[in-house]
Structure formats: structure tokens, C-alpha cells
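Residues per chain are reported as follows:
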Amino acid sequence: MYHKEGLDEIITKLHEEGVTFLSTGGTRQFIESLGYPCRAVEELTGYPSILGGRVKTLHPKVFGGILARRTQEQDLLQIEKYEIPEIDLVIVDLYPFEATVASGAGEASIIEKIDIGGISLIRAAAKNYNDVVIAASQAQYQPLLDMLMEHGAETTLEERRWFAKEAFAVSSHYDTAIFNYFDAGEGAAFRCSVNNQKTLRYGENPHQQGYFYGNLEAMFDQIHGKEISYNNLLDINAAVDLIDEFPETTFAVLKHNNACGLASRPTVLEAWKDALAGDPVSAFGGVLITNAVVNREAAEEIHKIFFEVIIAPDYDVDALEILGQKRNRIILVRKPVALPRRQFRSLLNGLLVQERDLNIETPADLKTVTRKEPTGQEIEDMLFANKIVKNSKSNSIVLAKGKQLLASGVGQTSRVDALKQAIEKAKSFGFDLHGAVMASDAFFPFPDCVEIADKEGVTAVIQPGGSIKDQLSFDYCDEHGMAMVTTGIRHFKH
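Attention here is on the structure that accompanies the text.

Here we take up the overall build of the protein. When its secondary structure is counted, the protein shows 19 helices and 20 strands. Taken against the 2.2 N^0.38 rule, which gives 23 Å for 494 residues, the C-alpha radius of gyration of the protein at 30 Å runs more than 25% over that of a compact globule. Dimensions along the principal axes, computed over C-alpha positions, put the protein at roughly 95 × 55 × 40 Å. In the protein, buried positions account for 45% of the 494 residues. A separation of at least 24 residues holds for 54% of the contacts in the protein among residues at least 6 apart in sequence. Of the accessible surface of the protein, which amounts to about 25,000 Å², a share of 51% is contributed by carbon and sulfur atoms. Looking at the protein, you have 50 positive and 69 negative side-chain charges, and the mean spots of the two groups are 3 Å apart.

Now for the packing of helix α17 (residues 415–428) against helix α18 (residues 448–455). Two elements in contact, α17 and α18, have axes separated by 9 Å at closest approach and are oriented at 15°. Judged by the angle between their axes, α17 and α18 are roughly parallel. Crossing of α17 against α18: the hand is right-handed. Contacts between α17 and α18 involve Arg-415, Val-416, Leu-419, Lys-420 and Ile-423 on the former and, on the latter, Asp-448, Cys-449, Ile-452 and Ala-453.

A separate point is the sheet that holds strand β8 (residues 250–255). Pairing in this open sheet of six strands is mixed, and the strands run β7-β12-β11-β10-β8-β9 from one edge to the other. This sheet does not close on itself; its edge strands, each paired only once, are β7 (220–224) and β9 (258–264). Between one strand and the next, the sheet's axes are offset by a mean angle of 20°, whatever the strand orientation. When β8 meets strand β10 (residues 286–290), the two strands line up antiparallel, connected through four bridges. Counted as the bridge partner of Leu-254 is Val-287 from β10.

Below, the discussion takes up unusual backbone geometry. With an omega of -10°, the peptide bond running from Ser-394 to Asn-395 counts as cis. Take Asn-395: it is sitting in the loop between α16 (376–390) and β16 (397–400). The phi dihedral of Glu-83 is positive, around 55°, even though this residue is not glycine. Along the polypeptide, Glu-83 turns up in the loop between α5 (73–81) and β3 (89–91). Relative accessible area serves as the criterion here: at 62%, Glu-83 is assigned to the exposed category. In this model, Asn-257 sits at a positive phi of 75°, which is unusual for a non-glycine residue. Looking at where Asn-257 falls in the secondary structure, it is placed in the loop between β8 and β9. Of the residues examined, Asn-257 reaches a relative accessible area of 16% and is grouped as buried.

As summarised here, the arrangement of the six strands in space is β15-β20-β19-β18-β16-β17, forming an open sheet in which the pairing is mixed. Either end of the sheet is taken by a strand with one partner, and the two such strands are β15 (367–368) and β17 (405–409). The pairing of strand β19 (residues 460–463) with strand β20 (residues 483–486) spans four bridges and is parallel. Following the sheet pairing, Val-461 is matched in β20 by Met-484. With respect to the sheet, α16 is in contact with β16, β17, β18 (437–440), β19 and β20, its orientation differing from that of β18 by roughly 35°. Together, β19 and β20 form the strand contacts of helix α19 (residues 470–480), whose direction differs from that of β20 by roughly 150°.

In terms of nonpolar packing, the biggest core is built from 45 residues, with Ile-10, Ile-66, Val-90, Ile-122, Ile-134 and Leu-144 touching the most fellow members. For this core, the element with the highest residue contribution is helix α10 (residues 157–183), accounting for seven residues. Of all hydrophobic cores here, the second largest spans 39 residues; its members include Leu-233, Ala-238, Val-287 and Phe-384.

This next bit is on the packing of aromatic side chains. What the rule picks out here adds up to nine aromatic pairs. Connected via pairs of aromatic rings, a cluster forms that spans Phe-97, Tyr-174, Tyr-181 and Phe-182.

The next point concerns α10. An ideal rise of 1.5 Å per residue puts 39 Å on 27 residues; α10 measures up with 38 Å between its terminal C-alpha atoms. Looking at the residues trailing α10, positive phi occurs at Ala-184, about 55°.

Let us look at the environment of Gln-222. For Gln-222, the position within the fold is in strand β7. Take Gln-222: its relative accessible area is 36%, and that puts it in the partly exposed class. Spatially, the C-alpha atoms of Gln-222 and Val-333 are 6.5 Å apart, while their sequence positions differ by 111 residues. Ignoring anything within four residues of it in the chain, the contact list for Gln-222 reads Ile-228, Ile-330, Ile-331 and Leu-332. Within polar-contact distance, the side chain of Gln-222 engages the backbone oxygen of Gly-225 at 3.4 Å. A polar side-chain atom of Gln-222 sits 2.7 Å from the main-chain carbonyl oxygen of Lys-226.

This brings us to the pairing of strand β14 (residues 350–355). Two elements, strand β13 (residues 342–347) and β14, share six bridges in a ladder whose sense is antiparallel. Paired with Ser-346 across the two strands is Leu-351, which belongs to β14. Hairpin connection between β13 and β14: a loop of two residues separates the two successive antiparallel strands, and Leu-348 in this loop has a positive phi of roughly 50°.

The rules behind these values
- The numbering scheme is per chain: residues are counted from 1 as the chain's sequence reads.
- Selection of residues for local features in this predicted model requires a pLDDT of at least 70, selection of side-chain atom pairs for listing and counting requires 80 or more, and totals for whole chains, interfaces and linings are taken over all residues.
- Side-chain numbers here rest on the full set of heavy atoms in the structure, without hydrogens or water.
- Starting at the N terminus, helices and strands are each numbered in turn, a helix being any DSSP run of H or I of at least four residues and a strand any DSSP run of E of at least two.
- In this setup the radius of gyration rests on C-alpha atoms only. A globule is expected at 2.2 Å times the number of residues raised to 0.38.
- The classification of residues rests on relative accessible area computed with a 1.4 Å probe and restricted to protein chains. Under 20% of the type maximum is buried, over 50% is exposed, and intermediate values are partly exposed.
- By the convention used here, residues are in contact when the closest approach between their heavy atoms is within 4.5 Å.
- We get accessible surface area from the Shrake-Rupley algorithm with a probe of 1.4 Å; when it comes to residues, only the shown protein chains can shield them.
- We treat Lys and Arg as the positive residues and Asp and Glu as the negative residues; His and chain ends play no part in the count.
- For this purpose, a charge sits on NZ of Lys, CZ of Arg, CG of Asp or CD of Glu.
- Throughout, an axis means a line fitted to C-alpha atoms (over the contacting stretch in the case of helices), and angles, computed between N-to-C directions, take values from 0 to 180 degrees.
- In this scheme, roughly parallel covers angles under 35 degrees and roughly antiparallel covers those over 145, while 65 to 115 is roughly perpendicular and the rest are oblique.
- Handedness of each helix crossing follows the sense of rotation of the near helix against the far helix: counterclockwise by less than a right angle gives left-handed, clockwise gives right-handed.
- DSSP bridges decide pairing: two strands pair if at least two such bridges lie between them.
- Definition of nonpolar core: a set of buried residues of the types Ala, Val, Leu, Ile, Met, Phe, Trp, Tyr and Cys, connected through side-chain atoms within 4.5 Å.
- Centres within 6.5 Å make a pair out of two Phe, Tyr or Trp rings, where for Trp the six-membered ring is used; the pair is then stacked when the planes are under 30 degrees apart, edge-to-face when over 60, and tilted otherwise.
- Expected helix span is given by 1.5 Å per residue-to-residue step, counting one fewer step than there are residues.
- Definition of a polar contact: a pair of N or O atoms within 3.5 Å, with one able to donate and the other able to accept a hydrogen when the atoms are protein atoms, and with sequence-neighbouring residues admitted only if both atoms are side-chain atoms.

As C-alpha cells, then:
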């Protein structure tokens, strides 16, 4: 029993029910400190704890008492012959392997936290759930205590089977963590184990069942609003990925995983106003995110529109009073949590795994491929636009100026269509594209997009490059006085 917090109530109740105890080392001392007798495992087996504690419970007199089938006469005759006591309840809490790895401990310490006896006890007791109850972790203390309080030291088959299911969840999660430590990112096999199932109202559509596995409470405090939905989570994930690209005060509005408004400004109020101006129509029912504290002035403006979710590192008290006036509005406070570096999705009869796209281009990564050098402002705007296009569904084009998203075309089968969509949207909201920059998530095999953008007043272009026909776009820019830079890095997103 590594964690003993909460165990005292269970021990007390079991003693009151006439249950006798069998344990090793520190747990036996803990039970005795409560004033209850506890037989030492060493006394039962006739062997002391050996090999520095590596072998304590691995003995037929322990495992025979757990695995003996009470309905099998042969099993009962054998345990009687070898003086093996029946063990009806097993409580285990494994060595904290994952926590030891996370602490940065050396390999010797990590290896010693691979539990052998405990994991064996769990599997044995869970296998024989017809006759034995298994509480396999500290998380099972409360369910076990509740059961004991309800009907004493008796259990139903249904209860024992539930505890067995939870036990195998513990053992499989533990083994997954050990495998991934030894695999060290090589990907010899795919193993992922996530606890904490949350049943959602439905999946992507009302006729689909949906679940979330993970600890949302570690990443967000939900301080207001309705239950978060499957589609909310998709948008929240996209919003977090996007806002993490920006170190300065930034506000973003997302709809269906794409930014429809985004601006970086000196204050959160200015950032909100200019983000909303990017597409006040699509902002309706959207997800809002900022990397700055939301104050009262900003909240008063934000409150004027209908939106599903708002995410910020914090809110002033008077800002919350305003935003909380809508009963269903989801208000989240984001907490600092390290995110996984791998992504995966189910596909066909398997799954795809990749590293997250964490590359953020800087001025040093830009290669000017035209005679005209971009100005300092154009470089800032191109890097700004490139962060947005990286987080937009391909094919995508982003138009920006003055660190404000003017418009984007996303999810199009043609890059030309994506550009035309962006231009039409920018004009519909009254933006002047003269002096704007254009970002593309992939190269231009033909100069058509560059020519269309030039005619609308775009002066600089950022793109990955890499087409065998790159020179056609470079030449067009030179002929028409445009600046173009390449990054060498493509940012497709599906």
C-alpha cells in the first residue's frame, strides 16, 4: 500500500465486521498503529522479505489463497492440505512509476518503482472475481468503503466484477507507462492509456455517442456555463493551439476549428475589437480565446455578442459579473499544463501518429526570394499571418495587415478558391487590402494566386516554397514590385 491516506476508515470498518488482516512491512505497521492485529506475510510464508524488498508476497500460500476457486472441491482440498488461508479481499496501491519518471529520477530509481508483487496480486484477485474483491488503487478506496458501509463484509458478483474491471484498468495503464518508458519514443508499438472518462451529451452529431478521456480539470477551471460538448472541445483544442503561437496580447475568435478573427494589440480591449472586426458574422456562436486577463472594459464589449465559450488565463471580478449574465455561456480559466507532443487519430483499421507541429517561424527562418526586400512591418505581418495559416484547415490563405486578420479562405480544394474566398470576405467587411500581406500553407505551383493578390493591393507574400515551378511566382513578384519570402516549412492541416 504505497498511499495509505483514506485507508484507516476501511481498516476500522473491516475490523468491526470481524475481518482479519494479512500484510507486509509498512502497511502492517500502519494497521497495527490503528490498534488492530495484523498477521505478517512472512509468518504465513515462512520466508522473510528478500532481495531488498523485491520479493515479499510472491508465494503459493499467498496466491493460492487468492486464486483458489471456492466452488472447486479439488482447489479446496489442496489449500487445506497445504494450510493456505482463503483470502477474500485484496487491497493494493502500486509504486508510483509514472510520478517517478516525471520527477526526472535516474534509471535505477525508476526501475525500482516497477511493482512486481502488487501487480501480480491485482491480476490474481481480479481473475478470481467470482470469489475475491480487489481494490487496485487509492481511487478504489472510497467505492470499497461505500460498499462496506452499505452492507458490511459481503459483496455481490456484480460488485466484484466491477472492481475486477477497474483493477485491470489499473494494471494495463501501469504496464503501458512502463512500456512507453522503455520504448523512449521509438514507436515500436502504439500504447496509450488515459483514465477519467467523461460522457458527453453526444458526439459530433446528436445521434452519435461521445466521450472524453483525460483530466480537463487539470487544464481548465470552468467557472460558469453549461456542460462542455464534443464540438466545444474540438474548438477549444484549436483555440489553444492557435493562441499559443502568440507571445503578445492577442485575442482570437474561432468557428469550426478555424480563426475567423484575430488581432494582437497593446490592450485586451483593443485586441478584442479588432479580432471581432475580422468577421463579426462568423463570430456568432464562436469560441473566444485570449492570452491576457479579461477586464471589465473588455467584458462589456465581449458581452454584446452571443458566443459559446470564452477562455482566458484569468478574469477580473467585475468582468465575470458581466460575462456570467448568460446562463449557458461557458467561461474557462486556462491553467498552465504541458500538452502531449504527439497526436494520433483513428483511421481505417488502424491509426495515424505524428509529432505536433510546434515549429514557429522567426525572421531568421525567412529567405527573401525576390529583388525587393520586405519592410520590417511586412515581416511582422507575414509571421503573424503565417501563424494563423498554420492553424487553419488546408487549403488555406490568410490576408493580414497591422497584426490583424483581415480574412482567410480555409478548407478549399483549390488554393485559388481559398484566396478568392478571403478577398471577398475582406471586402465585405470593408477592409482595404492595399499594403496587406498574404500567407499560404503550401507552395504556389503557378503564379495565379500571386497575380490575384497583387491586383488587390497585397505587397508581400510568405509561403513554404519547394515547388519545381517556384521561379514562376518569384519572377511575377519581381516584375510587379512585390516581396516574397519562403520558410521551407509546410503547414498542412486536415
